[in-house]
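# Notes for the structure review
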Amino acid sequence: MAEIIINMKHIEKRYNNVPVLTVQDLEIEKGDFLTVIGSSGCGKTTLLKMINGLIQPDTGNVAVNGTDISQTDLISLRRSIGYCIQGSILFPHMTVEENVSYVPDLLNGRNKTKTRQAVSKWLKIVGLGDDLRSRYPSELSGGQQQRVGIARALAASPEILLMDEPFGAVDSITRKQLQTEIKEIHEQTGVTVVFVTHDISEALYLGTKVLVLDHGQIQQYDTPQNIIHNPENDFVKNLLKDGFHYSEEEVS
Ligand SMILES: Nc1ncnc2c1ncn2[C@@H]1O[C@H](COP(=O)(O)OP(=O)(O)OP(=O)(O)O)[C@@H](O)[C@H]1O
Ligand SMILES: [Mg+2]
């Protein structure tokens, strides 16, 4: 039996009494790369932010590693969960090195050598040279900033990595490279990834599982192959029609 790392039960989130997300029972297996796909406003970010407690549901609960997160210390929970969002969320007054070292420094204490090695390792994995270490975010391209953001999230060796449309702002060539890199990182580290996108090709290419959301309701939660071959309803069928520009061997 696969281990369940994230479990959402009987969740409802409302704004001004209007439900924006309803999840009866969602189990995410350890080591999965879950892509969450749906149109703007369907509740993707809300779902993601519930996992690290940035948004609290009105009813129901979220458990990480079997523990209800409303009963845990949210600061240490967030330190154990990497979080990348679209655009740069780097600290502007810190260099690349300082940005990536931020959490390892907290964890490694005085052991600066360990931190420096971790920074080099992660910069290399996301495809950035050591020569960028002393630059500030404003001295980097958008794609480079995005890579530093990923390195920073991974440098804390999180068990879970939450990514909210992380490649939205980069050109298509950089996007393709970042997709290949994140897929490799997932395969190498076994980190559980929850990745929000509105691009069906990206969702099918990256995901070991795909969660289709519409108007705050789960339409299908399945492997990419089943999404393609056994779409459960018209919404999923139309989503596939809209974005059919991937080749099937690319789907994991
Ligand atoms: N603080 C808030 N107050 C009121 N409504 C909100 C608030 N935050 C989000 N919403 C609404 O909740 C719904 C879900 O928002 P959410 O951010 O999860 O969408 P999303 O799927 O991430 O969209 P996008 O693709 O545009 O980022 C939207 O209709 C949004 O307008
Ligand atoms: Mg969003």
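Residues numbered from 1 in each chain as written. Chains lettered and ligands numbered in written order. Predicted model: local features only at pLDDT ≥ 70, side-chain atom pairs only at ≥ 80, totals over all residues. Heavy atoms only, no water.

## Concerning the site of ligand 1
In the vicinity of ligand 1, the contacting residues are Y15, V20, S39, S40, G41, C42, G43, K44, T45, T46 and E165. At 2.7 Å from an oxygen atom of ligand 1 is found a side-chain nitrogen or oxygen belonging to K44. In the model, an oxygen atom of ligand 1 is placed 2.8 Å from a nitrogen or oxygen of the T45 side chain. Burial of ligand 1 by the protein chains amounts to 57% of its free accessible area of 640 Å². When residues in the shell around ligand 1 are grouped by element, the largest group, three residues, is from helix 1 (residues 44-51). (Near = heavy atom within 4 Å. Polar contact = N/O pair within 3.5 Å; in protein donor to acceptor, adjacent residues only side chain to side chain. Areas by Shrake-Rupley, 256 points an atom, 1.4 Å probe, with all protein chains shown as cover. Helix = DSSP H or I, 4+ residues; strand = E, 2+ residues; numbered from the N terminus.)

## Regarding the environment of N52
Its place among the elements puts N52 in the loop between helix 1 and strand 4 (59-64). Look at N52 and you get buried, because its relative accessible area is 2%. Considered as a pair, N52 and T95 are 43 residues apart in the sequence and their alpha carbons are 26 Å apart. In this structure N52 touches L74, L77, R78, I81, Y83 and L162, once residues within four positions along its chain are discounted. (Buried < 20%, exposed > 50% of the residue type's maximum accessible area, 1.4 Å probe, protein only. Contact = heavy atoms within 4.5 Å.)

## With respect to unusual backbone geometry
Most peptide bonds adopt trans geometry, and most residues besides glycine take a negative phi value. One non-glycine residue, N16, lies in the positive phi region at around 50 degrees. Mapping N16 onto the fold places it in the loop between strand 1 (4-15) and strand 2 (18-29). The class of N16 is exposed, set by a relative accessible area of 78%. Positioned with a positive phi, H215 is a non-glycine residue whose angle comes to about 45 degrees.

## Points about the domain arrangement of the protein
Its domain assignment divides the protein into domain 1 (4-80 + 159-250) and domain 2 (90-157). Measuring from the centre of the C-alpha atoms in domain 1 to the corresponding centre in domain 2 gives 25 Å. Taken residue by residue, the interface counts 14 residues in domain 1 and 15 residues in domain 2. Summed over both partners, the interface of domain 1 with domain 2 buries about 1,100 Å², with 70% contributed by carbon and sulfur atoms. Broken down residue by residue, the surface that domain 1 buries against domain 2 is led by R79, E181 and I185, which jointly contribute 40%. Summed over the shared surface of domain 1 and domain 2, the result is one salt bridge. Put simply, R147 and E181 hold a salt bridge, and the shortest N to O gap is 3.3 Å. The interface formed by domain 1 and domain 2 holds three residue pairs in polar contact (both at pLDDT 80 or more) in total. Broken down by element, the side of domain 1 that touches domain 2 gets its largest block of residues, seven residues, from helix 6 (residues 172-189). When the residues that make up the side of domain 1 that touches domain 2 are grouped by side-chain class, the tally is eight nonpolar, three polar and three charged. (Domains from an automatic or database assignment. Buried area = accessible area lost by both parts, 1.4 Å probe. Salt bridge = Lys/Arg side-chain N within 4 Å of Asp/Glu carboxyl O. Nonpolar A, V, L, I, M, F, W, Y, C, P; charged D, E, K, R; others polar.)

## Some remarks on a nonpolar patch on the surface
A grouping of Y102, L106 and L107 is seen on the molecular surface, where their side chains present a nonpolar patch of about 300 Å² in accessible area. A relative accessible area of 46% places L106 in the partly exposed class. (Patch = residues over 30% accessible without salt bridge, like charges linked within 9 Å, V, L, I, M, F, W, Y side chains within 5 Å.)

## Some details on helix 6
With 18 residues, helix 6 extends 25 Å from end C-alpha to end C-alpha; this agrees with the ideal 26 Å at 1.5 Å per step. Regarding helix 6, the residues found buried are T174, R175, L178, Q179, E181, I182, K183, I185 and H186. Each element contacted by the buried residues of helix 6 is listed here: strand 3 (33-37), helix 4 (112-125), helix 5 (142-155), strand 7 (160-164), strand 8 (192-197) and helix 7 (200-206). Sitting at the amino-terminal end of helix 6 is D171, which places a side-chain oxygen 3.1 Å from the backbone nitrogen of I173. G190 occupies a position one or two residues after helix 6 and carries a positive phi of about 70 degrees. (Expected span 1.5 Å × (residues − 1).)

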